[in-house]
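Survey of secondary and tertiary structure
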Amino acid sequence: MHPDLTERILQHLETAGQADTLDLAALFAEDHQKIVGALKSIQAHGDLVTATVATHKSLGLTDEGRAVVEHGSHEALVYAAIPAEGIAQASLMATGGPNAKVGFSKAMSHGWILVDKSVSPPLVRRKVDSIVDGVRDQLLLVAQGKGDQLPAKDCADFKKRKLLQETVTKSFVLGRGAEFATTLTKLETDLTMDMLSSGLWDTLKFKAYNFDALGAPPTRGHLHPLLKVRTEFRQIFLEMGFSEMPTNNYVESSFWNFDALYQPQQHPARDAHDTFFVNHPSRSHKFPQEYLERVKEVHSHGGYGSKGYGYDWKLEEAQKNLLRTHTTAVSARMLYKLANQEGGFKPAKYFSIDKVFRNETLDATHLAEFHQVEGVIADVGLTLGDLIGTLYEFFRKLGITQLEFKPAYNPYTEPSMEIFCYHPGLAKWIEVGNSGVFRPEMLLPMGLPENVNVIAWGLSLERPTMIKYGINNIRDLVGPKVDLKMVEEGPICRLDHV
């Protein structure tokens, strides 16, 4: 809006006394909506002007009407298409244009043409030597802004033929109000303490509150893509009949994190270069003593058909506290509880999704803190085939069908397999998890029956999320480099629609 448009309107009203906003739009060479906007600004300052709604009706040409003005009416076109020797009606309909049927009917009613049935086939001939295209002439008046000169009967007929359309325009008739002035006084928006103490508020004009205005939308949080994918993972596990394990203990003892999993105390993973150890409290002291002795025995001297590792197992090493390196420590606790529950062993399916911590070198696919998704099934007679079939079904529900398995070594599973998935963004196969059948040296000391096998798999939550959301660097998903706009605008996760 031009900055002085409101004052120009007020100055015009001072001399003219009254004006229509449509006339003002033409006078000031401004769009009518700008004039109405300026009026609203004036009204916000008080009773400076009066405004009465006025309705204006005008005739305008439709697209078809404009075509008639340019080329002629339908009936005139049909008349012009008839040669001196006449023409068959079917041929006339084909050459007379898209509105030939209407034009033929109107030309017949005007007496311009006739159908000569004395010949076979009948021919359409001209009945008069010349015509006057009155329809085009009358529509030309409308195009020139003289539509008020049309007879009412013709106007109704042209509307019916969809050559004319009536446009209704609303405007405002302005007059001078009780507080009329040619300049606008700035309205106050805030009532201050100084205004109250000095009494100035009584002489000022305040802007009226607009209780119908929309308030500023409150800011709200947004779910991170990891949380969206976690929800989808959790739903898949629940659909497959799994129960969720409690994973609220980030700090574990080395006993549950390593020893209970038949991982030797001299294993490189138990070194500070791979594991975050806790200084305070540095050690744990509460363990199931009978179970601890069986774990010590199988590590040091073997048992259950195994030779063990043949080293001097130390309690001090098992007592060291650390940030858990995998949620398999939670699985070990749950399997021990399952083996020693009242009523004996019952088949079970467990899952967990939570944080783990490893002293990793950061790169595009590795972080020192990440989430592990783990599934565990304990039942009689389970085999490697059950594990592979379960993994294919599990990943199929994730929308991932390109899987490869590679033999691997884990201290607590035999056989063991690494799980690879194809990442379209990186255009290569990436490792997404590990799997295997838990060793008897791990299960039997817990008290599980000899015929019970346990299959398990674990995978990162971050890597499937990267595949789903097309993220090539894990540091763009987690950490200080994350684009918050990506978090805000990330779609709802449906892993079965990759």
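Structure shown above.
Residues numbered from 1 in each chain as written. Predicted model: local features only at pLDDT ≥ 70, side-chain atom pairs only at ≥ 80, totals over all residues. Heavy atoms only, no water.

Remarks on the sheet that holds strand 13 (residues 413-423)
Test applied: Any two strands with at least two DSSP-identified bridges between them are counted as paired. To qualify as a helix, a DSSP run of H or I must reach at least 4 residues; to qualify as a strand, a run of E must reach at least 2; elements of each kind are numbered from the N terminus. Any two residues whose heavy atoms approach within 4.5 Å at even a single point are treated as in contact. Axis definition: a line fit to C-alpha positions, over the contact stretch in the case of helices; interaxial angles, taken between N-to-C directions, run 0 to 180 degrees.
Sheet architecture is open: 7 strands sit in the order 7-10-11-15-14-13-12, paired in mixed fashion. Each edge of the sheet is formed by a strand with only one pairing partner; in this case those strands are strand 7 (243-244) and strand 12 (403-410). The pairing of strand 12 with strand 13 spans 7 bridges and is classified as antiparallel. Paired with Asn-410 across the bridge in strand 13 is Thr-413. Taken strand by strand, helix 11 (residues 225-239) contacts strand 7, strand 10 (348-357), strand 11 (369-380) and strand 15 (452-460), and its axis lies near 165° from that of strand 10. Here helix 15 (residues 328-339) sits on the sheet in contact with strand 10, strand 11, strand 14 (428-438) and strand 15, set at roughly 25° to strand 11.

Points about the nonpolar core
As a reminder, the rule being used: What makes a nonpolar core is a set of buried Ala, Val, Leu, Ile, Met, Phe, Trp, Tyr and Cys residues whose side-chain atoms join them at distances within 4.5 Å. Residue burial is assigned from relative accessible area. The probe radius is 1.4 Å, only protein chains are included, and a residue is buried under 20% of its type maximum, exposed over 50%, and partly exposed in between.
By size, the foremost hydrophobic cluster in this structure holds 36 residues, and its most contacted members are Phe-233, Val-373, Phe-394, Phe-395 and Trp-457. Elements with a contribution of two residues or more to this core: helix 11, strand 10, strand 11, helix 16 (384-397), strand 13, strand 14, strand 15 and helix 18 (462-469). Per-element accounting of this core gives the leading share, 5 residues, to helix 11.

What to know about the sheet that holds strand 4 (residues 113-116)
Strand order in the open sheet formed by 3 strands is 3-5-4, with antiparallel pairing between adjacent strands. Strands at the two margins of the open sheet, each flanked by one partner only, are strand 3 (87-88) and strand 4. Both strand 3 and strand 5 (residues 123-126) contribute to a ladder of 2 bridges, which runs antiparallel. Bridge assignment links Ile-87 to a residue of strand 5, and that residue is Val-124. Along the sheet face, helix 7 (residues 100-110) touches strand 4 and strand 5 and points at about 100° away from the line of strand 4.

Description of the environment of Asn-434
Selection rule: N or O atoms within 3.5 Å of each other form a polar contact, as long as, within protein, one can give a hydrogen and the other can take it, and as long as residues adjacent in sequence are counted only when both atoms are side-chain atoms.
When you line up the elements, Asn-434 lands in strand 14. Separated by 26 residues in sequence, Asn-434 and Ala-408 have C-alpha atoms that sit 8.5 Å apart. What Asn-434 contacts, discounting residues up to four positions off in sequence, is Asn-410, Met-417, Glu-418, Ile-419, Ala-456, Trp-457 and Gly-458. Polar contacts involving the side chain of Asn-434 include one to the side chain of Asn-410, which spans 3.1 Å.

With respect to unusual backbone geometry
Of the consecutive residues Ser-120 and Pro-121, the connecting peptide bond is found in the cis state with omega at 0°. If you trace the backbone, Pro-121 turns up in the loop between strand 4 and strand 5. In the segment running from His-280 into Pro-281, the intervening peptide bond is cis, with an omega of -5°. The topology assignment puts Pro-281 in the loop between helix 12 (254-257) and helix 13 (289-300). Backbone geometry at Tyr-262 places phi at a positive 60°, although glycine is not the residue there. Structurally, Tyr-262 can be placed in the loop between helix 12 and helix 13. By relative accessible area, which is 2% here, Tyr-262 ends up buried. Of note in the backbone geometry, Tyr-304 takes a positive phi value of approximately 60° without being a glycine. Here Tyr-304 shows up in the loop between helix 13 and helix 14 (315-319).

Description of a nonpolar patch on the surface
Which entries qualify depends on this criterion: Like-charged residues within 9 Å of one another, or nonpolar side chains (Val, Leu, Ile, Met, Phe, Trp, Tyr) within 5 Å, are grouped into patches, provided each residue has over 30% relative accessible area and no salt bridge. Per-residue and other accessible areas were derived by the Shrake-Rupley procedure at a 1.4 Å probe size, with only the shown protein chains allowed to occlude residues. A side-chain nitrogen of Lys or Arg and a carboxyl oxygen of Asp or Glu constitute a salt bridge if their distance falls within 4 Å.
A cluster of nonpolar side chains, contributed by Leu-191, Leu-196, Trp-201 and Phe-206, occupies part of the molecular surface with about 390 Å² of accessible area. Note that Leu-191 resides in the loop between strand 6 (164-176) and helix 10 (193-198). Taking relative accessible area as the criterion, Leu-191 reaches 52% and is therefore assigned exposed.

Considerations on the pattern of salt bridges
According to the stated counting rule, one finds 15 salt bridges in the structure shown. Of the charged contacts, one joins Arg-333 and Glu-252 as a salt bridge, the two residues approaching to 3.1 Å between their closest N and O atoms. Of this pair, Arg-333 sits in helix 15 while Glu-252 sits in strand 8 (residues 251-253); the two residues are 81 residues apart in sequence, bridging distant segments of the chain. On the accessibility criterion, Arg-333 (34% relative accessible area) is partly exposed. For Lys-320, the salt bridge is made with Glu-317, and the minimal N-O distance between the two is 3.3 Å. Assessed through its relative accessible area of 28%, Lys-320 is described here as partly exposed.

Everything listed here is a matter of coordinates, which is why it stays silent on function.
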